[in-house]
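Here is how the chains run, residue by residue.
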Amino acid sequence: MEAAPCAVSRPPSSATAAVRKRSKRSSSFTKVRVTASASASSQQSNSVTLLDYGAGNVRSLRNAIRHLGFHITDVHKPEDILTADRLVFPGVGAFGAAMQVLNQTGLGEALRMYIDKDKPFLGICLGLQLLFDSSEENGPVKGLGVIPGTVGRFDSTQGLIVPHIGWNALQPVKDSGILHGIEGHHVYFVHSYRALPSEDNKDWISSLCYYGESFVSSVSRGNVNAVQFHPEKSGAVGLSILQNFLRQSSSSSLKTLVPGKASKLAKRVIACLDVRANDKGDLVVTKGDQYDVRETTGDNEVRNLGKPVELAGQYYKDGADEVSFLNITGFRDFPLGDLPMLEVLRCASENVFVPLTVGGGIRDFTDANGRYYSSLEVASEYFRSGADKISIGSDAVFAAEEYLLTGVKSGKTSIEQISRVYGNQAVVVSIDPRRVFIKSPDEVKFKSVKLMKPGPNGEEYAWYQCTVKGGREGRPIGAYELAKAVEHLGAGEILLNCIDCDGQGEGYDIELIKLVSDAVTIPVIASSGAGAVEHFSEVFQQTNASAALAAGIFHRNEVPIQSVKEHLLDRGVEVRMLSMEKTQSNQPEMAPRGAAAVV
Ligand code: 1PR
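Residues numbered from 1 in each chain as written. Predicted model: local features only at pLDDT ≥ 70, side-chain atom pairs only at ≥ 80, totals over all residues. Heavy atoms only, no water.

- Going by what an unreviewed UniProt entry lists, the protein is known as Imidazole glycerol phosphate synthase hisHF and is assigned to Rhynchospora pubera.
- UniProt annotates the protein under Function (unreviewed entry) with the comment "IGPS catalyzes the conversion of PRFAR and glutamine to IGP, AICAR and glutamate. The glutaminase domain produces the ammonia necessary for the cyclase domain to produce IGP and AICAR from PRFAR. The ammonia is channeled to the active site of the cyclase domain."
- Regarding the protein, the relevant UniProt record gives this comment under Subcellular location (unreviewed entry): "Plastid, Chloroplast". (UniProt positions renumbered as here; feature names shortened; annotations may be inferred.)

Take a look at the structure:
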């Protein structure tokens, strides 16, 4: 079913209705005997069949396919696979759970038959891994057995940051139609498991990618293709790959990109939108000074810097590698009652083809009618609305405190619940620390740093006290301790803010970012304080941050995202640049608007 047109307004339905409306697709498959004599296809030429077994968010992929002018037909039973003209299989969730669904419903057998017949197929992410013999993820678990080899986890024992999240470069090893011209361009990966190249599977491999080792980033044989990265989240480059598959282009009509210079995992530049309702009840993008978002003059209104969907679209076109939405009053409102926020996400995801993160209010909740919602249900609603990752703030602090107190993983915290179902790469923990100056590290039990610049009373050290509820309440835990605890609980990434630096434009808190990014082996996003392009190179050159997030300078149009990236390139920091499609004028290919623009 096509989505209703986007308009962010207060919908009439209640939160409960929104939760009830959730798709039950995962349980709707019935086991049907698969025969090779399934009826001939009646698909239209602009129709693509999507195998979504209901284990996670494939909204972005649906949006990308529709954006390219194609109509989606969903698979409900194994025969739908056999009658497909072209099939896209975006594997989501864990390998074992996916294989269980495929085996129980007969879809796995149908998939094997479809692939055997060499019909047009595109597997994405887990959709590539499932083609292999087996996976070590919670296993070993047997896969579809189409490609020889075992899928294993990246090795983080030597300090490699896992999950592998971000924009990395492909090294094509053979000419595969859909990857035409991809060499030198970045595409977006997010995964902890990978398949390795071997003698047995070398005929399948169409490209490799380097991350600590060379792993299989795409396979291709005849009409069967699969990619480890996410084309639907890889901006214009990814859309051109999808389009090459969907159009089943002859080699003469394949999209060609101007050669890029990508060679390795890029540092990411993230635009952040702090969102809340203003005093009139409209959802606006706001921005604080040390978390105070009210104007200091007049009626002390909530600072209004624009409309969330519009700004997200603009930042995508400007080259942001990710866009984050933080619902900054989510801690006091029930997020599923905040339907405009879900609507913002739904609308933004229709035109933004880079990853979207959303945070604010993710926790277990009991509403006024006594209905209990788990944090997993809250997060699921965000994923269904278009989020690729969710970000947990206050609730992660309480979870970490509990874990450090008991030393036991209860399995019930929001981090554990959500990462178990969606994978740890989908769970970001947002930390809101405030600097506390001390004269000696012995004054506190928390890890402190020696300051480059002494505190107001000559203090030489500081520790970083975590806060909850948007900085309103300090907690007895430091940023270092919290980061390590949430990594153990299953967080896949850390968004590291700093209340002291927020909105000040004087640069990131290098001491804090170094402290945390040296302590964990999951990616750390540096946040708070960017005011000039030099602040970005400083944070990447002096710390292990994988990404740098900024808000104020982008909202106030002080520095365009492209200038940040050009500066970083100039300083030898690898970043993703907007791709150029080979046209007569060689204009940069921005986000294509509808199929006509990209044909
Ligand atoms: O606690 O799970 O409900 O999540 C609430 C989320 O909202 C947290 O991620 C928290 O960081 C965020 N938040 C709460 N209150 C505020 C506030 O500003 N009053 N915003 C807030 C946090 C910090 C950054 C900001 C950077 C960059 N904003 O997101 O965008 O500091 O700004 P800059 O480049 O202008 O310096 P929960």
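More follows now that the structure is in view.
### Some points on the side chain of Ser 419
Then, number 1: Turning to its location among the elements, Ser 419 is positioned in helix α12 (residues 414–422).
Then, number 2: Reaching out from Ser 419, the side chain makes a polar contact with the backbone oxygen of Ile 415 at a distance of 2.8 Å.
Then, number 3: Leaving out residues up to four positions away in the same chain, Ser 419 has contacts with Asn 424, Val 427, Leu 489 and Gly 490. (Helix = DSSP H or I, 4+ residues; strand = E, 2+ residues; numbered from the N terminus. Polar contact = N/O pair within 3.5 Å; in protein donor to acceptor, adjacent residues only side chain to side chain. Contact = heavy atoms within 4.5 Å.)

### Details of the packing of aromatic side chains
Aromatic ring pairs are defined here through the distance separating the ring centres and the angle between the ring planes.
Then, number 1: This structure, assessed with the given rule, holds 12 aromatic pairs.
Then, number 2: On the basis of an interplanar angle of 80° and a centroid distance of 6.2 Å, the ring pair of Tyr 316 and Phe 353 is categorised as edge-to-face. Of this pair, Tyr 316 sits in helix α8 (residues 308–318) while Phe 353 sits in the loop between α9 (339–351) and β17 (356–359), and the two are 37 residues apart along the sequence. Judged on exposure class, the residue Tyr 316 and its partner Phe 353 are both buried.
Then, number 3: On the numbers, 6.3 Å between centres and 25° between planes, the contact of Phe 536 with Phe 554 is stacked. Remark: Phe 554 occurs in helix α16 (residues 552–555) and Phe 536 occurs in helix α15 (residues 533–542); sequence separation between them is 18 residues. (Phe/Tyr/Trp six-rings, centres within 6.5 Å; stacked < 30°, edge-to-face > 60°. Buried < 20%, exposed > 50% of the residue type's maximum accessible area, 1.4 Å probe, protein only.)

### Re the site of the ligand
Then, number 1: As a matter of local geometry, the ligand sits amid 24 residues, with Ser 394, Ser 430, Asp 432, Asp 502 and Ser 528 nearest to it.
Then, number 2: Between Asp 502 and the ligand, the recorded distance is 2.6 Å, taken from a side-chain N or O atom to an oxygen atom.
Then, number 3: Those elements giving two or more residues to the shell around the ligand turn out to be β14 (268–277) and β28 (547–550).
Then, number 4: The residue makeup of the shell around the ligand, split by class, is 8 nonpolar, 12 polar and 4 charged. (Near = heavy atom within 4 Å. Nonpolar A, V, L, I, M, F, W, Y, C, P; charged D, E, K, R; others polar.)

### A short note on the nonpolar core
Then, number 1: Judged by nonpolar contacts, the single largest core of 168 residues is most densely connected at Phe 325, Tyr 382, Ile 390, Phe 536 and Phe 554.
Then, number 2: By residue number, the principal contributor to this core is helix α13 (residues 479–489), which donates 7 residues.
Then, number 3: When residues no more than four places from it in sequence are discounted, the contact partners of Phe 325 are Leu 273, Val 275, Pro 308, Ala 312, Met 341, Val 344, Leu 345, Ala 348, Leu 356, Thr 357, Val 358 and Gly 359.
Then, number 4: Within the second largest apolar cluster, 9 residues are counted, among which are Val 428, Leu 495, Ile 525 and Ala 547. (Core = buried A, V, L, I, M, F, W, Y, C linked by side-chain atoms within 4.5 Å.)

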